[in-house]
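Structural characterization, general
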Amino acid sequence: MDRLRLIIAQSARTSQQGALLFIDLDHFKLLNDTRGHHIGDQLLVQVAERISSIIRTTDLAARLGGDEFVVVFDNLGTDPDKAALEAKHRAEQLHELINLPYPLQQSVYHCTISIGVNLFNANNTSIDDLLRHADVAMYQAKDGGRNTIRFFDPHMQSRLEKRAEIEADLRSAHESGTQLTPYYQAQVNHTGEVLGAELLLRWIHPRKGTIAPGDFIPVAEQTGLIVAIGRQVIRMACKQLQCWQQQPGFGHLTLAVNVSPIQFNQSSFVEDVISCVLDYDVNPNHLKLELTESSLLKNVEHSIEKMQRLQEFGISFAMDDFGIGYSSLSYLKKLPLDQLKIDRTFVRDITIDPNDAIIVRTIIAMAANMNLNVIAEGVETELQKQFLEQNGCLLFQGYYFGKPMPLDAFEELIHMPQQLIRHSMSD
């Protein structure tokens, strides 16, 4: 750290650009766990020797701890663009050298590294910021698949800070139990009868207003919060089904709930769902869980076992966003599904794009042959509805039948004359 302060001070005096590289060994913990810490130590020594062999005497190299190394290049010139190119070139040299095989106790080990690079100059002199930004860039290299080099981008830092703020607020929102609000989007049949709804979570922030699911659901998944939030959503659904069971004219309604792959893969998922249904004493036939292909195909046999246990209890399953993932028929025929949900990306252009029309017809025909019912999401026009109905899809969801809405607005639709429903929903 003392050497780094001197290099930064010199950069400020001479206006010379410099670069700080944050280097992390990929999968180093796995080596330690499988072959022992003494083998890991041998690798660290050899990596340090290689770094020392390639840098100039005026450069700085250090091991911060664990498998993290820092290299600082100074005097890269006064032109930022040329300095960036030179830093990239030197980082690539280090990357190539460190990636060469290592002799470790009568065997050969191949090590890869992720490198984060942060340029500095007279206007960028905080040691903490230098290290933090290089660390951020290094983790971007990790997220990009490892074994690569990433430069720090201020815009990226801004996004990360926004993400950290959303994460903190989301934890608070979940704990408060008041900001995450259920909305309901109607699912109707070809006659316009409302059969149920998909429960969609909306975040009503006390200062920022409504935060779109696309902004907070990825954060919830990356932080693991999605598991707790997912349980909360299923409880919301069961609680609402319980209320409808006790109201004349509402007992037939079903609720569909999206389930995250992370939540579905929890060992306690089946027990959590069954426990929730029993706690609220609701008819399990009225609860539908929507899963994506990615959540089911990671471990097909395990997925089938979970689904069968819940199906035996009475809960049904729909495959959400069908058609945009793997769509492997060999897997599909094994899965105990009840419904396929045609993705909105195909529905959007079915009346103008022959390819989308063929895909949708194929999905509908396949579902019929497999004794699965099929529902189309993203239906926005009468022409789309007519096309779907003419080709055998009789269940719909989309803005043509209503946007996601609060509970009171949704319940008003149930007893509304059918000719008025569409007009009201479309408005």
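Above this note sits the structure.
Residues numbered from 1 in each chain as written. Predicted model: local features only at pLDDT ≥ 70, side-chain atom pairs only at ≥ 80, totals over all residues. Heavy atoms only, no water.

With respect to the pairing of strand E1 (residues 18-25)
In regular strands, side chains alternate between the two faces of the sheet. Here is the rule: Partly exposed residues are those whose accessible area sits between 20% and 50% of the maximum for their type, while under 20% is buried and over 50% is exposed, using a 1.4 Å probe and protein chains only. Put simply, DSSP marks the helices as runs of H or I at least four residues long and the strands as runs of E at least two long, and each gets a number from the N terminus on. Only strands that DSSP links by at least two bridges are regarded as paired with each other.
Among the eight residues in E1, eight count as buried, and that is most of the element. Going residue by residue along E1, you find Gly18, Leu20, Phe22 and Asp24 tucked away on one face and Ala19, Leu21, Ile23 and Leu25 tucked away on the opposite face as well. Pairing geometry for E1 and strand E6 (residues 113-120), over eight bridges, is antiparallel. Counterpart to Leu21 in the pairing with E6 is Val117.

Some words on the layout of surface pockets
In this approach a probe as big as a water molecule rolls over the atoms, and the regions it shows empty are the leftover space. Selection criterion: Whether a set of points on the 1 Å grid over the protein atoms alone is a cavity depends on a 1.4 Å probe fitting there but being unable to get out, while an open set qualifies as a pocket with protein on both sides within 12 Å along at least five of seven lines; lining residues are those with an atom within 4 Å of a point. Grid points are joined across faces, edges and corners, and a volume is the space filled by probe spheres set on the points. Residue classes follow a fixed rule: Ala, Val, Leu, Ile, Met, Phe, Trp, Tyr, Cys and Pro count as nonpolar, while Asp, Glu, Lys and Arg count as charged, and any other residue, Gly among them, counts as polar.
Taken as a whole, the largest pocket spans an internal volume of roughly 690 Å³. Along its surface, the largest pocket is lined by 33 residues, and Leu200, Pro213, Ile217, Asn258 and Asp320 are the ones closest to its centre. Broken down by secondary-structure element, the contributors of at least two residues to the lining of the largest pocket are strand E9 (194-205), helix H7 (213-223), helix H8 (225-245), strand E11 (254-258), helix H9 (261-264) and strand E13 (316-322). The greatest single-element share of the lining of the largest pocket, amounting to six residues, is contributed by H7. Partitioning the lining of the largest pocket into residue classes produces 15 nonpolar, 11 polar and seven charged.

Describing the packing of aromatic side chains
Here is the rule we go by: Put simply, two rings from Phe, Tyr or Trp (the six-membered ring, in Trp's case) pair if the centres are within 6.5 Å, and we call them stacked under 30 degrees between planes, edge-to-face over 60, tilted for the rest.
For the structure shown, the criterion picks out seven aromatic pairs. With 5.9 Å between their ring centres and 25° between their planes, Tyr184 and Phe410 make a pair best called stacked. Residue Tyr184 is found in strand E8 (residues 180-189), and its partner Phe410 is found in helix H17 (residues 407-414); the two are separated by 226 residues along the sequence. Its relative accessible area of 0% is what places Phe410 among the buried residues.

A short note on the sheet that holds strand E2 (residues 60-65)
So the rule is basically this: To get an axis, fit a line to the C-alpha atoms, keeping to the stretch in contact for a helix; angles then go from 0 to 180 degrees between the N-to-C directions. Any two residues having at least one pair of non-hydrogen atoms within 4.5 Å are treated as being in contact.
The sheet built from five strands is open, its strands ordered E2-E3-E1-E6-E7 with mixed pairing. A single partner strand is all that each edge strand has here, and the edge strands are E2 and strand E7 (149-151). With strand direction ignored, the average angle separating the axes of adjacent strands in the sheet is 20°. One ladder, built from six bridges, connects E1 with strand E3 (residues 68-73); its direction is antiparallel. Considered in E3, the bridge of Asp24 is made with Glu68. Packed onto the sheet, helix H3 (residues 37-54) meets E1, E2 and E3 and runs at close to 5° relative to E3.

A few points about unusual backbone geometry
Even without being a glycine, Ser15 presents a positive backbone phi close to 65°. By relative accessible area, Ser15 is classed as partly exposed at 41%. Its identity is not glycine, yet Asn75 carries a phi of approximately 55°, on the positive side. Relative to the helices and strands, Asn75 resides in the loop between E3 and helix H4 (80-98).

Side note on H3
Stated formally: Residue count minus one, scaled by 1.5 Å, sets the expected span of a helix. The directions considered for the arc are those from the helix axis to the C-beta atoms.
The end-to-end C-alpha distance of H3, which contains 18 residues, comes to 26 Å, matching closely the 26 Å that a straight helix rising 1.5 Å per residue would cover. All buried positions along H3 are accounted for by Ile39, Gly40, Leu43, Leu44, Gln46, Val47, Arg50 and Ile51. Projected down its long axis, H3 carries its buried residues within an arc of 170°, all on one side. Facing away from the buried side of H3 by over 90 degrees, the exposed positions are His37, Glu49 and Ser53.

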